[in-house]
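# Close look at the chain arrangement
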Amino acid sequence: MKNIARLFFIGFLLFNFWGRGFIVGGSLNTVYAQEQGDWKQEYAEICAKTQNAMEMSVAELKDRIERADKLQERINKLEGPLAETEKKVFTKRLKMCRELYSFALEYKEHKE
Amino acid sequence: MNATCDRCHSLGKNVTRKYDFREFVKGWPKERLGNGVDWEKAEEQELIMPYDYIEGVSIKRAKLVVQDDFKIVSKVKGMPNIIFSHEKHTVWNGCELCHPEIFVGIKKGLTQYSMVSIYEGKFCGVCHNNVAFPLLDCQRCHLQEVK
């Protein structure tokens, strides 16, 4: 009987220190992966409309610039094996989109 | 698309070639400079069909409504004018690659530049000589017939 109790106890300990680690670790990995992938989606959404920049309203342009700034903060915090390359490449690409929207905004505000 | 980045980005890597380049491009449209192939014509003739989308790198965007080709008048007498094609320059790129950082504004003529500045790596020279055909290939830009 004592042995069974010991087994339960050891099982309980193992679950707490190892099993939970797996579960928590697993969910953290999923969150990490989602965050990693989802910033690219946001980048694509911001930059996919540069050809329409001149037709956008002032509010739309301001929104895209704001989103670009927020995304830049996320890019700065990237971690992982490709982080340095991605930071460098996407910072430059995002900057180019932002500048185009910013230019279009300036043009519109001057005109209006 | 399978990632075969190493085939081009092969610096410092031991990449086994699948075929002999010279043999592969034999009979293709010729060009004086670079690796001897006129890639633009090769594409026109459908000898090559370059990917225009790489997962995780490219952006899916609506097709650009391109302006008509326009003329950039040469400053030197007798030098053929440049015919600039937005269509050719936007096959792979968004507007943001050139505007407003390299070419400011949306009005033609707002950005002033010369061949000297281009040779210094500014304006057209940002890409031409680096990733696009070299500046010494004059007639590929200066292509309007002189009357």
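Along every chain, residues carry numbers that run from 1 in the direction the sequence is written. Going through the entries in the order they are written, you letter the chains from A and number the ligands from 1. Per-residue local features of the predicted model are confined to residues with pLDDT of at least 70, and side-chain atom pairs are confined, for both listing and counting, to 80 or more; whole-chain, interface and lining totals are unaffected and use all residues.

Counting secondary structure elements, chain B contains four helices and two strands. Secondary structure counts use DSSP, requiring at least four H or I residues in a row for a helix and at least two E residues in a row for a strand, with both numbered from the N terminus. Listed by position from the N terminus, the elements making up chain B come as α-α-β-β-α-α. For chain B, the spread of C-alpha atoms along the three principal axes comes to 50 × 35 × 30 Å. Counting all 147 residues of chain B, 5% fall into the buried class. For every residue, the other C-beta atoms within 10 Å of its own C-beta are counted; 20 or more classify it as buried, 12 or fewer as exposed, and values in between as partly exposed. C-beta atoms are placed from the backbone.

On the chain A side, the residues contacting the 13 residues of chain B number 13 residues. Any residue outside Ala, Val, Leu, Ile, Met, Phe, Trp, Tyr, Cys, Pro, Asp, Glu, Lys and Arg is labelled polar, Gly included; the first ten of those are nonpolar and the last four are charged. Residue classes in the side of chain B that touches chain A are distributed as six nonpolar, three polar and four charged. In this description, a residue-residue contact is defined by the distance between C-beta atoms placed from the backbone, which must lie within 7 Å.

We now examine the environment of Met49 of chain B. Residues and elements named next belong to chain B. For Met49, the position within the fold is in the loop between helix H2 (39-44) and strand E1 (70-72). Judged by the 8 C-beta atoms lying within 10 Å of it, Met49 is exposed. Remark: the alpha-carbon pair of Met49 and Leu33, spanning 16 residues in sequence, is separated by 21 Å.

Attention now goes to unusual backbone geometry. Residue and element names in this part refer to chain B. Following His99, the chain continues into Pro100 via a peptide bond in cis, with omega recorded as -5°. Along the polypeptide, Pro100 turns up in the loop between helix H3 (86-89) and helix H4 (115-119). One non-glycine residue, Glu46, adopts positive backbone phi at about 60°. Relative to the helices and strands, Glu46 is located in the loop between H2 and E1. Even without a glycine there, the phi angle at Asn129 is positive, about 100°. Among the structural elements, Asn129 can be located in the segment after H4.

Of the residues in chain A, 66% have a pLDDT of 70 or more, and the chain-wide mean is 80. Every residue gets a pLDDT, meaning the predictor's confidence in that residue, from 0 to 100. Within chain A, helix H2 (residues 58-76) of chain A carries the highest mean pLDDT (97), whereas helix H1 (residues 2-47) of chain A carries the lowest (63).

On to helix H3 (residues 83-111) of chain A. In an α-helix, one full turn covers 3.6 residues, which means residues spaced three or four apart are oriented alike. For H3 of chain A, with 29 residues, the first-to-last C-alpha span of 41 Å sits near the 42 Å given by 1.5 Å per residue. Among all positions of H3 of chain A, only Phe90, Leu94, Met96, Cys97, Arg98, Leu100, Tyr101, Phe103, Ala104 and Leu105 of chain A are buried. One fewer than the residue count of a helix, multiplied by 1.5 Å, yields its expected span.

Right, let's get into the domain arrangement of chain B. How big an interface is tends to be reported as the loss of accessible area on association of its parts. Residue and element names in this part refer to chain B. The source of the domain bounds is an automatic or database domain assignment. Entries for chain B in the domain assignment read domain 1 (1-60) and domain 2 (62-147). Just the C-alpha atoms count here: the centres of domain 1 and domain 2 sit 23 Å apart. Contact with domain 1, which involves four residues of that partner, is made by six residues of domain 2. Of the residues belonging to the side of domain 1 that touches domain 2, the class tally is one nonpolar, one polar and two charged.

Let us look at the packing of H2 of chain A against H3 of chain A. For any two helices packed against each other, the geometry is given by the interaxial angle and the distance between the axes. Residues and elements named next belong to chain A. Interhelical geometry of H2 versus H3 gives an angle of 160° and a closest axis separation of 9 Å. If you check the angle between H2 and H3, you find them roughly antiparallel. By crossing handedness, the relation of H2 to H3 is classed as left-handed. From H2, Val58, Leu61, Lys62, Arg64, Ile65, Ala68, Leu71, Gln72, Ile75 and Asn76 reach across to H3, where they touch Lys87, Phe90, Thr91, Leu94, Cys97, Arg98, Tyr101, Ser102, Ala104, Leu105, Lys108 and Glu109. Among the residues making up the contact of H2 with H3, the classes are represented as 12 nonpolar, four polar and six charged. Only the stretch in contact is used when a helix axis is fitted, and all axes are lines through C-alpha atoms; the angle between N-to-C directions ranges over 0 to 180 degrees. Roughly parallel means an angle under 35 degrees; roughly antiparallel, over 145; roughly perpendicular, 65 to 115; everything else is oblique. In a left-handed crossing the near helix is turned counterclockwise from the far helix by less than a right angle, and in a right-handed crossing that turn is clockwise.

Turning our eyes to something else, we now look at the environment of Val58 of chain A. Within the element layout of this structure, Val58 of chain A appears in helix H2. Non-local contacts of Val58 of chain A, meaning those with residues more than four positions away in its chain, are made with Leu105, Lys108 and Glu109 of chain A.

Note that Ser85 of chain B resides in the loop between strand E2 (82-84) and H3. Once the C-alpha coordinates of Ser85 of chain B and Asp69 of chain B are considered, the two residues, 16 residues apart in sequence, prove to be 4.5 Å apart.

Turning next to H2 of chain A. All names here are of chain A. Over its 19 residues, H2 runs 27 Å from end to end, which matches the ideal 27 Å to within 8%, given 1.5 Å per residue. For H2, the complete set of buried residues consists of Leu61, Arg64, Ala68, Leu71 and Ile75. The buried residues of H2 occupy one face: seen down the axis, they fall within an arc of 85°. Across H2 from its buried face, at more than 90 degrees, point the exposed residues Val58, Ala59, Asp69, Lys70 and Glu73. Note: the arc covers the axis-to-C-beta directions of the helix.

All right, on to the nonpolar core then. Working definition: the nonpolar core is a set of buried Ala, Val, Leu, Ile, Met, Phe, Trp, Tyr and Cys residues, joined through C-beta atoms within 7 Å. Counting residues in hydrophobic clusters, the biggest one holds 18 residues, and the most contacted among them are Leu94, Cys97, Leu100, Tyr101 and Ala104 of chain A. Ranked by residues supplied to this core, first place goes to H3 of chain A with nine residues.

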